[in-house]
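# Architecture at a glance
Read off the chains here:
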Amino acid sequence: MSLPWYATWFNTVHYHDLYQHRDMHEARGFIRELCRELGVQAGESAIDVACGRGRHAQVLSEAGLQTLGIDLSEESIAYAQEFAHEGLEFKVADMLRPLPGAPVHWVFNLFTSFGYFEDDADHELAIQNMADALEPGGKLILDYMNSIRIAANLVPSDTVVTDMAQYNISRRVENGTIIKTITFTEECQLNHFEERVRAFSESDLRGFMEKAGLEVEGVKGDYDLSDYDPEYSDRLLIIAKKPA
């Protein structure tokens, strides 16, 4: 049985090379603003779900949160461990299983680290696991792409050149999924990867939250928590609270 795309592509050096512009400077700017707007308090606890190499978790820790970053990618967690310290740790874990480190005040799922599964029962399970990891009164912050705007302004193809490779990228929407195809040549061999992310709407994400027993407190369009506009907003942030 072949592994799902996210279990292979995210574990490659080429994934991190292609997205090297997503650096600590970018993360620090928007996570600090988000924490300030959310009223995060030093000493509270958080889990960063699908943390990748830990850049968001590091900034959550800088904001005073006792932070655990979890990710399915062993390579990413091995890299993130270099930045671990008291109050910031990392573990290999799957959002489709009960989350380690619970219960916490905050669960963050940032930068569209969701929507990867073929079966929506898995999306429901992932949100339920995030909800179960919260203390009563705790909050889940799901930061998703604004799929409506992305689909309307989809760039069919482009090329990204780095010191490591030339990446040829094509994009399409198919059966409610935004698909990005990435090809590059290495040592005369053509490599092919796909990213497949469901084009979830606000109502879709609300449904997952409500089914998990969470109360949606707000739907925002960016990290400054400005109002969400389906046509113009860059992001789709859902703020959901676990009843006390």
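A brief look at the structure comes next. (Residues numbered from 1 in each chain as written. Predicted model: local features only at pLDDT ≥ 70, side-chain atom pairs only at ≥ 80, totals over all residues. Heavy atoms only, no water.)

### Thoughts on the nonpolar core
Within soluble globular proteins, side chains that are nonpolar tend to cluster in buried spots. Heads up, the condition is: What makes a nonpolar core is a set of buried Ala, Val, Leu, Ile, Met, Phe, Trp, Tyr and Cys residues whose side-chain atoms join them at distances within 4.5 Å. Relative accessibility under 20% of the residue-type maximum defines a buried residue, over 50% an exposed one, and the middle range a partly exposed one, all with a 1.4 Å probe and only protein chains included. Only runs of H or I of at least four residues qualify as helices and only runs of E of at least two qualify as strands under DSSP, and these elements are numbered from the N terminus. Between two residues, a contact is recorded if the distance between any of their heavy atoms is within 4.5 Å.
Ranked by size, the top nonpolar core spans 49 residues in total, and within it Trp9, Phe114, Met130, Leu205 and Met209 carry the most contacts. Here this core takes 5 residues from strand β5 (residues 134-145), the largest share from any one element. For methionine 209, the residues in contact, after removing those within four places along its chain, are Ile127, Leu140, Leu142, Leu214, Val216, Ile238 and Ala240. Core analysis: the next-biggest nonpolar cluster, separate from the first, contains 19 residues, Leu34, Cys35, Ala46 and Trp106 among them.

### A short note on the packing of aromatic side chains
Condition: Between the rings of Phe, Tyr and Trp (Trp by its six-membered ring), a pair exists once the centres lie within 6.5 Å; its type follows the angle of the planes, with under 30 degrees stacked, over 60 edge-to-face, and the other angles tilted.
What the rule picks out here adds up to 21 aromatic pairs. A centroid spacing of 4.9 Å and a plane angle of 65° characterise the contact between tryptophan 5 and tyrosine 116, whose relative ring orientation is edge-to-face. Residue tryptophan 5 is found in helix α1 (residues 5-9), and its partner tyrosine 116 is found in the loop between β4 (104-109) and α6 (120-132); the two are separated by 111 residues along the sequence. Tryptophan 5 gets classed as buried once you look at its relative accessible area, which sits at 14%. Take tyrosine 116: its relative accessible area is 14%, and that puts it in the buried class. With a centroid separation of 6.1 Å and 20° between ring planes, the pair formed by phenylalanine 30 and phenylalanine 111 is classed as stacked. Here phenylalanine 30, found in helix α3 (residues 24-38), pairs with phenylalanine 111, found in the loop between β4 and α6; they are 81 residues apart in sequence, far enough to count as distant.

### A look at the sheet that holds strand β9 (residues 189-198)
Counted only if it meets this: A pair of strands is considered paired only if DSSP assigns at least 2 bridges between the two. Comment: axis = line fitted to C-alpha atoms, over the contacting stretch for helices; angle = value between 0 and 180 degrees taken between N-to-C directions.
Strand order across the open sheet formed by 4 strands is β6-β7-β8-β9, with antiparallel pairing between neighbours. The strands lining the two open edges of the sheet, one partner per strand, are β6 (157-161) and β9. Here the strands of the sheet are splayed against their neighbours by 20° on average, with no regard to which way each runs. Relative to strand β7 (residues 166-174), β6 is paired through 5 bridges, and the arrangement is antiparallel. Along β7, the bridge assignment pairs serine 157 with serine 170.

### Topic: unusual backbone geometry
Note the cis peptide between alanine 102 and proline 103, where omega equals 0°. With respect to the helices, strands and loops of the structure, proline 103 is situated in the loop between β3 (88-92) and β4. Of note in the backbone geometry, phenylalanine 111 takes a positive phi value of approximately 60° without being a glycine. The backbone phi angle of glutamate 187 is positive, close to 50°, even though this residue is not glycine. Mapped onto the fold, glutamate 187 is located in the loop between β8 (177-186) and β9.

### Notes on the pairing of β9
Judged from the 10 bridges that link them, β8 and β9 form a sheet pairing that is antiparallel. Paired with threonine 177 across the strands is arginine 198, a residue of β9.

### Re the side chain of lysine 180
Our working definition: Charged residues are defined narrowly, with Lys and Arg counted positive, Asp and Glu counted negative, and His plus the chain ends left uncounted. The term salt bridge refers to a pairing of a side-chain nitrogen on Lys or Arg with a carboxyl oxygen on Asp or Glu at a separation within 4 Å. Here a polar contact means two N or O atoms within 3.5 Å. Within protein one must be a hydrogen donor candidate and the other an acceptor candidate, and residues neighboring in sequence count only if both atoms are side-chain atoms.
Along the chain, lysine 180 falls in strand β8. Glutamate 195 is the oppositely charged side chain nearest to the buried, salt-bridge-free lysine 180, at an N-O distance of 4.0 Å. Here the side chain of lysine 180 touches tyrosine 19 through a polar contact of 3.0 Å, side chain to side chain. With residues near it in sequence (within four places) discarded, lysine 180 still touches Tyr19, Ile169, Ser170, Arg171, Phe193, Glu194 and Glu195.

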